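Here are the chains, one letter per residue:
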Amino acid sequence: MQSRADNISEEKMNKLTIADRSFNSRLIVGTSRYPDPQTMLEALEASGTELVTVSIRRLNLNADNGQESILGMLDRAKYSILPNTAGCYTAKEAVLTAQLAREALETNWVKLEVIGDDETLFPDVTELLKAAEVLIKDNFIVLPYCNDDPITCKKLADMGCAAVMPLGAPIGSGMGIRNPYNIQIIRDIISIPVIVDAGVGTASDAALAMELGVDGVLMNTAIAGAERPVTMARAMKLAIEAGRLAFESGRIPKRLYANASSPAEGIINS
Amino acid sequence: MSKTIVIGGGIIGLSLGWQLAKKGVSVEILERGKSGTGASFAAAGMLAPQAEMGFDDIELFYLCRKSLEMFPKFTYELYEDCGIKVELEKTGCILPGFDRDDAERLRRLYDFREKIGMPVLWVSSSEAREIEPFLSPKCTGAIWIDDDAQINNRKLLDALKIAFEKCGGKLYEDHEVENVNIKNGKVNGVKVHGIEVESDNVIVAGGAWSKQIPGLPENLLPPVRPVKGQIINLRLNDSCRVTKVIRAPDVYLLPKSDGRLIVGASCEEMGFDVNPTAGEIFKLLERGWEAVPAIYDLPIDSIDVGLRPGSRDHMPIVGDSDIEGLFFATGHYRNGILLTPITAYELSEWIISGNASSALNGFGISRFYKQTA
Ligand SMILES: Cc1cc2nc3c(=O)[nH]c(=O)nc-3n(C[C@H](O)[C@H](O)[C@H](O)COP(=O)(O)OP(=O)(O)OC[C@H]3O[C@@H](n4cnc5c(N)ncnc54)[C@H](O)[C@@H]3O)c2cc1C
């Protein structure tokens, strides 16, 4: 017989469903900035991820005749590839990049990034909406990287995006979830998957995001830039699982005063 | 004495060829284009074992340091053989920070160096600008490494070529190796221009192209990819006479004894593409200018693009293989100039004596192809 804990972890926790696909892991991992490709491969393995995002503009897409390349190293049987449009500043560039990715990688999934400026790497919302519109019309499965702004997220969801990916903090900043209240509102008002993208610095940040009830977390620098990426990847895997389980389990209410866990009254009577 | 063919006339192939020829081996270097025009030409020539190491790359770090210690002997022997003096230049290196984020990053580097017992000095902004007056006043503090060295890698290439030939080696340019011939677990030569050439040993030193050489068995293909690097060569003049190596966030400025100021380098996964691009050059110049505003008026000499041979774990692939007579010397990634002496000395000794080098232990190709019994 299965215990109740097993039921939860297998049925509720383990599946992340976006569009028509389900993933056993709620962690999405990026492929940039690792010390070397071997470390990247080991970190991906340790993270348990099944969905890996790659920067189309920073990778060699045409590696044929046995060329060694980052894309070629990724085992497509193990990982679904989520191309992203990092480095694009206009809707036009982002659309072209997504189309290039579809051609080269044979996937119509895209993590849509349109960046507003290179200091903060914050999204440019007007360009993002424009690009999302075009790509959805063109039959893409669009996962937009966006601000932690509930209204933008709502618009993107209503347009037909497959998920929304609000940022926790600026890309690569490691500042954690800076506005958990917004993330919670976004979670409440949106019915498609919400993935926190960017900002995670360490395991507790990932756990916190999951405790807020979001469907998944996407990260790159927090793993790739750690002193030991492979063990950090495992820490993130555990944090995501812990956070999700805690969310599913329903935490106790917070209270100011103690509440003895083994009540004294019962003892005398029994 | 047995005959050895070296595939590739970059700094690795030339130095190996020279050491083997010097010890009496009959050596031919086969180079597809012109020797010394690949990554070895584009390189900046920094000899900095500590600069860009990851936290778990301690073995590579020690290999680099050992190689650095071999340089004086290497350049002296080279001078004896070819009459050209290529000297180690102890320029010293400054790593400035410009804001709080940089300070955090420098702190991490500082702690790392301290932990492994490397000399490292934390200096204030004004001290840093006394060491290098052209440094931007926005510098908030810096790490100073006064014994960091560099070398003129282009001069080194010229010297190696001459020394190799003076020691009896034969360099064939415009000779692309079209196949490595292997029979019964033993190498027996290569094919060039459609002609089979026999030899007892073959050394793969083809840089970023090493995996593309036909004839290597599937389980011995070196997992090496090209990692594109762009650099800008500015010409120093009196308006800006930088004398120290400056390693700022995402850019280095390297004054060379030939009057260049190298601003480098990009690090891109773009396959074999070698076109300079607006964006990367722009980024390098912008970051270079932030660190040293006076570069603004310096004339641009040229832009160079090179393909670093990046192995899968970014460590060199040097040593023998399951195939008798087949050796590898590739995958030197960002440290090929620095690792030239140890590669040349240790591998030539190994090939001649038949005894595996203990210094190269763990750097062989077998680490990528674990035996499945
Ligand atoms: C921008 C840049 C900056 C760098 N800075 C530094 C630095 O500061 N310090 C440092 O230590 N390192 C540095 N490096 C790294 C260093 O340049 C390389 O690690 C080193 O040059 C590799 O030498 P190599 O001989 O293996 O490759 P290469 O110099 O590329 O030579 C390989 C040769 O093999 C030939 N070849 C390939 N295939 C065949 C074939 N089938 N038949 C015949 N010939 C073939 C090629 O034509 C080529 O000439 C830098 C690299 C770059 C690109």
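Coordinates for the structure precede this section.
Cut-offs and rules
Throughout, a residue's number is its position along its own chain's written sequence, starting from 1. To read the labels, note that chains go from A and ligands from 1, taken in the order they are written. It should be noted that, the model being predicted, local features are given only for residues of pLDDT at least 70 and side-chain atom pairs only at 80 or more, the latter also being counted only at that level, while totals for whole chains, interfaces and linings use all residues. To get the side-chain values, take all heavy atoms of the structure and skip hydrogens and water. Contact criterion: two residues are considered in contact whenever any of their non-hydrogen atoms come within 4.5 Å of each other. By buried area we mean the combined loss of accessible area, with a 1.4 Å probe, across both parts when two parts are placed together. The salt bridge definition used is simple: a Lys or Arg side-chain nitrogen within 4 Å of an Asp or Glu carboxyl oxygen. The helix count covers DSSP runs of H or I at least four residues long, the strand count covers runs of E at least two residues long, and both are numbered beginning at the N terminus. Residues were grouped as follows: Ala, Val, Leu, Ile, Met, Phe, Trp, Tyr, Cys and Pro as nonpolar; Asp, Glu, Lys and Arg as charged; and all remaining residues, including Gly, as polar. All axes are obtained by fitting lines to C-alpha atoms, using only the stretch in contact for helices, and the reported angles, taken between N-to-C directions, cover 0 to 180 degrees. The cut-offs work like this: below 35 degrees is roughly parallel, past 145 is roughly antiparallel, 65 to 115 is roughly perpendicular, and the gaps in between are oblique. Like charges within 9 Å and nonpolar side chains (Val, Leu, Ile, Met, Phe, Trp, Tyr) within 5 Å are joined into patches, using only residues over 30% in relative accessible area that form no salt bridge. Residue exposure ignores everything except the shown protein chains as possible cover, and the areas themselves are Shrake-Rupley values with a 1.4 Å probe. Two residue types count as positive, namely Lys and Arg, and two as negative, namely Asp and Glu; His and chain ends fall outside the count. Charge coordinates come from a single atom per side chain, which is NZ of Lys, CZ of Arg, CG of Asp or CD of Glu. When accessible area is computed with a 1.4 Å probe and restricted to protein chains, residues below 20% of their type maximum are described as buried, those above 50% as exposed, and intermediate ones as partly exposed. Proximity is defined per residue: if any heavy atom of the residue lies within 4 Å of a molecule or strand, that residue is considered near it. Whenever two N or O atoms come within 3.5 Å, that pair is a polar contact, provided that in protein one can donate a hydrogen and the other can accept it, and provided that, for residues adjacent in sequence, both atoms are side-chain atoms. Each domain's extent is set by a domain assignment, obtained either automatically or from a database.

**A few points about the interface of chain B and chain A**
In step 1: Each partner contributes residues to the interface: chain B has 17 residues there, and chain A has 19 residues.
In step 2: Taken together, both faces of the contact between chain B and chain A bury some 1600 Å²; the carbon and sulfur share is 48%.
In step 3: A per-residue breakdown of the area chain B buries against chain A is headed by Arg225, Glu269 and Arg312 of chain B, which together make up 32% of the total.
In step 4: Between the two partners, chain B and chain A, sit 2 salt bridges.
In step 5: With a shortest N-O distance of 3.2 Å, glutamate 68 of chain A and lysine 211 of chain B are connected by a salt bridge.
In step 6: With 3 residues, strand β13 (residues 224–235) of chain B is the single largest residue contributor to the side of chain B that touches chain A.
In step 7: Of the residues that constitute the side of chain B that touches chain A, the class distribution is 6 nonpolar, 4 polar and 7 charged.

**Observations concerning the packing of helix α5 (residues 125–137) of chain A against helix α6 (residues 150–159) of chain A**
Residues and elements named next belong to chain A.
In step 1: It is the contact of α5 with α6, at a shortest axis distance of 10 Å, that shows an interaxial angle of 10°. Taken together, the axes of α5 and α6 are roughly parallel relative to one another. Residues Val125, Leu128, Leu129, Ala132, Glu133 and Ile136 of α5 lie in contact with α6, whose contacting residues are Thr152, Lys155, Leu156 and Met159.
In step 2: In terms of residue class, the contact of α5 with α6 is made up of 7 nonpolar, 1 polar and 2 charged.

**Re a negative patch on the surface**
In step 1: Judged by side-chain charge, Asp117, Asp118 and Glu119 of chain A together with Asp99, Asp101, Glu104 and Glu290 of chain B come together as a negatively charged surface patch.
In step 2: With respect to the element layout, aspartate 118 of chain A can be found in the loop between β6 (109–112) and α5.
In step 3: For aspartate 118 of chain A, a relative accessible area of 48% translates into the label partly exposed.

**A few points about the site of the ligand**
Residues and elements named next belong to chain B.
In step 1: The environment of the ligand is made up of 37 residues, and the closest members are Glu31, Ser40, Met46, Tyr333 and Arg334.
In step 2: Take isoleucine 12: an N or O atom from its main chain is 3.2 Å from an oxygen atom of the ligand.
In step 3: The contact in question runs from a nitrogen atom of the ligand to an N or O atom on the backbone of arginine 32, over 3.0 Å.
In step 4: Elements that contribute at least two residues to the shell around the ligand include exactly α1 (11–22), α2 (39–42), β13 and β17 (300–311).
In step 5: When residues of the shell around the ligand are assigned to their parent elements, the largest contribution, 3 residues, is made by β17.
In step 6: Per-class residue counts for the shell around the ligand are 18 nonpolar, 14 polar and 5 charged.
In step 7: A domain split of the shell around the ligand shows at least three residues from each of domain 1 (3–83 + 153–223 + 312–367) and domain 2 (90–148 + 225–311).

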